[in-house]
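Fold and contact review
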Amino acid sequence: MALVNSKEMFKKAYEGGYAIGAFNVNNMEIIQGITEAAIEEKAPLILQVSSGARKYAKHVYLMKLIEAALEDANASGVDLPICVHLDHGDTFELCKSCIDGGFTSVMIDGSHHSFEDNIKLTKQVVEYAHDRGVVVEGELGRLAGIEDAVNVSDEDASYTNPDQVQEFVEKTGVDSLAIAIGTSHGAYKFKPGQKPQLRFDILDEVSRRLPGFPIVLHGASSVIPEFVQMINSNGGKMPDAIGIPEDMLREAARNAVCKINIDSDLRLAMTGSIRQYFCEHPDHFDPRQYLKPARANIKELVRHKLINVLGCNGKA
């Protein structure tokens, strides 16, 4: 199967009460771990690239790695649909570059603009993308936390206003909508002692106003304690890392949420694995030695997400 956009994925996910995992990729081992898990679980897949990842690895390298992942899936005999998505594009020029470079989906994040300017920017991207068979994700509301070195404080964050969603979708023509209901970027989503909560009342009202329309959750890593402990036991200092409970994410996936973004958990799994390997084998220096267990842990993490959080295993 060639690269696809997410339109058919989301239609099936909405009707089936599950979500597609959108996993951020930065290098070969991360792409391999994610794709191998999706192949084994026969799960549709979104590989998403941030602006920071493009700067780090370069667009052409990431696209060639994703092409290799697709060939690997085809060779395994699994007809695996893979969508390549731009995560948090903030300008028309960036979205255009990704569309022209082979991405099948882009996000234009105009949430830092006024409502009117967000509509204007999003519509501009939608018109360019749709003419080329590419789908577009927009955003209303702002998540707290750090995304690609951009820090949004709790004071600047805002929940999505359900009164705006229908007008936004109708005027822009977007294919999916990211909303803010209490998730946040990064591994420090909540303060110590604070109980994680998601505003399911907002999600319910948004889905009532946009029946059948795919909703997206950003900042939805669970910050798995196993990997936080692995980091802290091997020289790290992340005692207050707290994420979104997985049962809340599964509930969201049963509702209108068709795409759940996962990035921090992948970073934690890789960093924890490497830290542990260095402590256990201080005489080793071959990158293949410490990246192999990191890739294996990413694969198992993604398998867990596909089955227990997203519910999209067997849906390819």
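Here is what the cut-offs are and how they apply
- Residues numbered from 1 in each chain as written.
- Predicted model: local features only at pLDDT ≥ 70, side-chain atom pairs only at ≥ 80, totals over all residues.
- Heavy atoms only, no water.
- Buried < 20%, exposed > 50% of the residue type's maximum accessible area, 1.4 Å probe, protein only.
- Helix = DSSP H or I, 4+ residues; strand = E, 2+ residues; numbered from the N terminus.
- Arc of directions from axis to C-beta.
- Contact = heavy atoms within 4.5 Å.
- Phe/Tyr/Trp six-rings, centres within 6.5 Å; stacked < 30°, edge-to-face > 60°.
- Lys NZ or Arg CZ within 6 Å of the ring centre and 35° of its normal.
- Pairing = 2+ DSSP bridges.
- Right-handed = clockwise from strand over helix to strand, strands pointing away.
- Axes fitted to C-alpha atoms, helices over the stretch in contact; angles between N-to-C directions.
- Parallel < 35°, antiparallel > 145°, perpendicular 65-115°, else oblique.
- Left-handed = near helix turned anticlockwise from the far one by under 90°.
- Polar contact = N/O pair within 3.5 Å; in protein donor to acceptor, adjacent residues only side chain to side chain.
- Salt bridge = Lys/Arg side-chain N within 4 Å of Asp/Glu carboxyl O.

1. A word on helix α9 (residues 225–232)
Residues F227, V228, M230 and I231 constitute the buried set of α9. Seen along its axis, α9 keeps its buried residues to an arc of 160°; they face one direction. Looking at the buried residues of α9, the elements they touch are α11 (264–280) and α12 (287–310).

2. Overview of the environment of K96
For K96, the position within the fold is in helix α5 (residues 92–100). Along the primary structure K96 and A129 are separated by 33 residues, whereas in three dimensions their C-alpha atoms are 7.8 Å apart.

3. Things to note about the packing of aromatic side chains
Applying the stated criterion across every chain yields a total of 3 aromatic pairs. Centre to centre, the rings of F115 and F168 are 6.3 Å apart; their planes meet at 40°, and the pair counts as tilted. Of this pair, F115 sits in helix α6 (residues 115–130) while F168 sits in helix α7 (residues 162–172), placing them 53 residues apart in sequence. Between F278 and Y290 the ring centres are 4.8 Å apart and the planes differ by 65°, which places this aromatic pair in the edge-to-face class. Within this pair, whereas F278 is found in helix α11, its partner Y290 is found in helix α12, the two being separated by 12 residues in sequence. Stacked on the ring of Y128, the Lys or Arg R132 has its end atom at 3.5 Å from the ring centre. In this structure, R199 is placed above the aromatic ring of Y159, and the distance from its NZ or CZ to the ring centre is 5.0 Å.

4. Thoughts on the pairing of strand β3 (residues 82–89)
The buried fraction of β3 amounts to 8 of the 8 residues, a majority that puts the element mostly inside the structure. The sheet contact formed by strand β2 (residues 45–50) and β3 spans 6 bridges and is parallel. Across the sheet, residue L47 finds its bridge partner in β3, namely V84. Bridging between β3 and strand β4 (residues 105–108) involves 3 bridges; their strand directions are parallel. Bridge pairing in β4 links H85 to S105. Handedness of the β3-α5-β4 crossover: right-handed.

5. Points about unusual backbone geometry
Backbone geometry at K42 places phi at a positive 50°, although glycine is not the residue there. Structurally, K42 is set in the loop between α2 (28–41) and β2. You can call K42 partly exposed: its relative accessible area is 45%. Backbone geometry at V223 places phi at a positive 50°, although glycine is not the residue there.

6. As for the packing of α5 against α6
At a minimum axis distance of 10 Å, the contact between α5 and α6 shows a crossing angle of 15°. The pairing of α5 with α6 is recorded here as roughly parallel in orientation. Along this stretch, α5 crosses α6, giving a crossing that reads as right-handed. On α6, the residues touching F92, C95, K96, I99 and D100 of α5 are L121, Q124, V125, Y128 and A129.

7. Points about the side chain of H88
Here H88 lies in strand β3. A polar atom in the side chain of H88 sits 2.9 Å from the side chain of D109. In terms of polar contacts, H88 uses its side chain to reach the side chain of H218, at 2.9 Å.

8. Description of the pattern of salt bridges
Side-chain pairing between opposite charges can occur once the charged atoms of the two side chains come close. Applying the stated rule across the entire model yields 18 salt bridges. The shortest N-O distance in the salt bridge between K305 and D265 comes to 2.7 Å. Placement of K305 in helix α12 and of D265 in helix α11 is noted, with a sequence separation of 40 residues between them. Each of the two residues, K305 as well as D265, counts as buried. Linking R288 and D286 is a salt bridge whose minimum nitrogen-to-oxygen distance equals 2.9 Å. Look at R288 and you get exposed, because its relative accessible area is 66%.

9. Examining the sheet that holds β3
Two pairing modes exist for strands in a sheet, parallel and antiparallel, and in both the strands are linked by backbone hydrogen bonds. The 8 strands are arranged β1-β2-β3-β4-β5-β8-β9-β10 in a closed barrel whose pairing can be described as parallel. Along the sheet, successive strands turn relative to each other by an average axial angle of 25°, direction set aside. Bridge count for strand β1 (residues 20–24) against strand β10 (residues 257–262) is 4 bridges, and the pairing is parallel. Among the inter-strand pairings, A22 is bridged to a residue of β10, identified as N261. Of the strands in this sheet, β5 (135–140) and β8 (176–179) are in contact with α7, which crosses β5 at around 150°.

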